[in-house]
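Residue-level structure breakdown
Chain residues, written in single-letter form:
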Amino acid sequence: MSYATEPTFQHGSAPRVGVLLVNLGTPDAPQTDAVRRYLAEFLSDPRVVEIPRALWLPILHGIILRVRPAKSAAKYASVWTPEGSPLAVWTRKQATLLQGYLGERGEQVVVSWAMRYGRPDMAGALDQLKQQGCDRILVLPMYPQYSGTTTASVWDGLSDWCATQRNLPEIRFVKQHHDDAAYIDALAARVTEFWQREGRGDHLLLSFHGVPERTLHLGDPYHCQCLKTGRLLRERLGLNKDQMSLSFQSRFGKAKWLEPYTEATLKALAKRGVKHLQVFCPGFPADCLETLEEIAIEGRHDFLQAGGQRYDHIPCLNDHPAWIRALVDIVQRHVAGWPTRREQQPRPAELEGQRLQALAMGAKA
Ligand SMILES: C=CC1=C(C)c2cc3[nH]c(cc4nc(cc5[nH]c(cc1n2)c(C)c5CCC(=O)O)C(CCC(=O)O)=C4C)c(C)c3C=C
Ligand SMILES: [Fe+2]
Ligand SMILES: [Fe+2]
């Protein structure tokens with residue numbers, strides 16, 4: 001094992017603080033080969049599919065990676081933008097805005113972004129932060145609700161990179177922010193602004209990404225955190241329990257996942273007489289395949305087919321100012337005590353030496 005060669009140690013250089021936003025990952029292009037490469041990396045992660053490798057890898061390579069990439073590529077093609085995959089476009093924009101908002105608050109940090117699977121990869125982004133002089137790094141997974149399948153995998157990516165480093169930075173990691181007041185405020189702002197513009201539907205459905213149900217019984221707090229986010233948002237919007245429901249989408253494989261499933265819920269709501277349904281995805285801070293295709297396209301089809309009359313997909317938080325402010329709050333809380341304020345920047349050692357000497361001589365430094 002050899003460790004990375006470090007930049008020559010600079011005496012007196014002011015250390016900086018880096019913030020790394022990490023999202024799930026997305027293919028480089030809406031094409032079968034690119035989607036196959038992405039899915040191969042994603043679905044080989046034992047955090048994501050907890051089946052013994054000897055059983056799972058033949059299924060993954062022999063069946064799933066032969067069939068799924070072409071189908072998924074067609075779905076990606078339906079939501080792809082001129083700048084790329086929506087998930088990457090929004091995550092990059094969030095990082096740029098966060099850098100700007102933090103700067104306005106006098107916080108001197110370097111904000112970057114990466115993907116757990118695919119590109120830009122975590123190791124490259126962490127290397128770049130180090131090259132920019134960051135010896136303190138805050139890693140912020142873009143998952144408000146903690147899950148072993150997602151958040152813990154970001155930790156694994158971080159720890160893989162650490163294992164290659166000689167001179168480790170100081171590291172902090174945001175585990176979750178499902179009940180953060182500013183996050184709930186941002187969700188409520190997104191929904192109320194939508195209502196002001198488009199009118200209010202008969203019912204609001206909150207759809208979260210699902211996970212296998214057994215993870216709940218094995219102690220994963222994800223389900224409870226989704227329910228808590230849902231309750232806090234409902235209370236913040238002043239809705240009663242009959243006016244809002246919560247469901248889980250994107251089931252993968254044959255095992256039982258968290259219920260109720262979104263698809264079944266959409267159909268049941270239409271059958272129950274809901275005419276105008278609005279669907280919102282609080283667990284996805286950025287619009288992506290799962291919200292723009294599965295919810296906005298497939299979900300609409302399912303609801304209207306089952307007898308519903310009007311269906312709205314409320315966009316995710318994306319670049320909403322209240323969300324970027326929430327990110328600022330989360331970052332400020334987690335970098336507390338690190339030198340991020342302009343006036344707090346440690347002086348280079350030589351300058352500090354001269355200042356102390358001048359003080360000792362009775363002069364004003
Ligand atoms: C919001 C949190 C997410 C959890 C929890 C999660 C768990 C999870 N996902 C899969 C399988 C797939 N997910 C896919 C896409 C996808 N998943 C999330 C987020 C969570 N996943 C996002 C943001 C996206 C969109 C990516 C994009 O490029 O826009 C896909 C790929 C698409 C497809 O082929 O359908 C798969 C597969 C599992 C198995 C899992 C938990 C065990
Ligand atoms: Fe997923
Ligand atoms: Fe999906």
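Residues numbered from 1 in each chain as written. Chains lettered and ligands numbered in written order. Predicted model: local features only at pLDDT ≥ 70, side-chain atom pairs only at ≥ 80, totals over all residues.

**Considerations on the overall build of the chain**
Within the chain, the regular secondary structure consists of 12 helices and eight strands. For 365 residues, the compact-globule estimate of 2.2 N^0.38 gives 21 Å, and the C-alpha radius of gyration of the chain, at 23 Å, lies within 12% of that figure. A principal-axis box enclosing the C-alpha atoms of the chain has dimensions of 85 × 50 × 40 Å. Intrachain contacts of the chain at a sequence separation of at least 6 include 80% that bridge at least 24 residues. (Helix = DSSP H or I, 4+ residues; strand = E, 2+ residues; numbered from the N terminus. Rg over C-alpha atoms; globule rule 2.2 N^0.38 Å. Contact = placed C-beta atoms within 7 Å.)

**Regarding the confidence of the model for the chain**
Mean pLDDT for the chain: 94, with 93% of residues reaching 70 or above. At the level of chain-chain contacts, confidence expressed as ipTM amounts to 0.96, with global pTM at 0.94. (pLDDT = per-residue confidence, 0-100.)

**A word on the site of ligand 1**
Lining the immediate environment of ligand 1, one finds 21 residues, of which Thr26, Ser72, His209, Cys288 and Leu289 sit closest. Within the residue set of the shell around ligand 1, elements represented by two or more residues are helix H2 (53-79) and helix H10 (289-305). (Near = placed C-beta within 6 Å.)

**Observations concerning unusual backbone geometry**
Across the junction of Arg119 and Pro120, the peptide omega takes the value -5°, indicating a cis bond. Within the secondary structure, Pro120 sits in the loop between strand E2 (109-117) and helix H4 (122-131). Following Glu259, the chain continues to Pro260 via a peptide bond in cis, the omega torsion being 0°. Positionally, Pro260 belongs in the loop between strand E6 (244-249) and helix H9 (262-271). Even without being glycine, Ser250 reaches a positive phi, approximately 60°. Considering the arrangement of structural elements, one finds Ser250 in the loop between E6 and H9. Owing to 18 C-beta atoms within 10 Å, Ser250 belongs among the partly exposed residues under this scheme. One non-glycine residue with positive phi stands out, namely Asn318, at about 45°. Inspection of the secondary structure assignment puts Asn318 in the loop between strand E8 (310-313) and helix H11 (321-334). You can call Asn318 partly exposed: it has 18 C-beta atoms within 10 Å. (Buried ≥ 20, exposed ≤ 12 C-beta atoms within 10 Å, placed from the backbone.)

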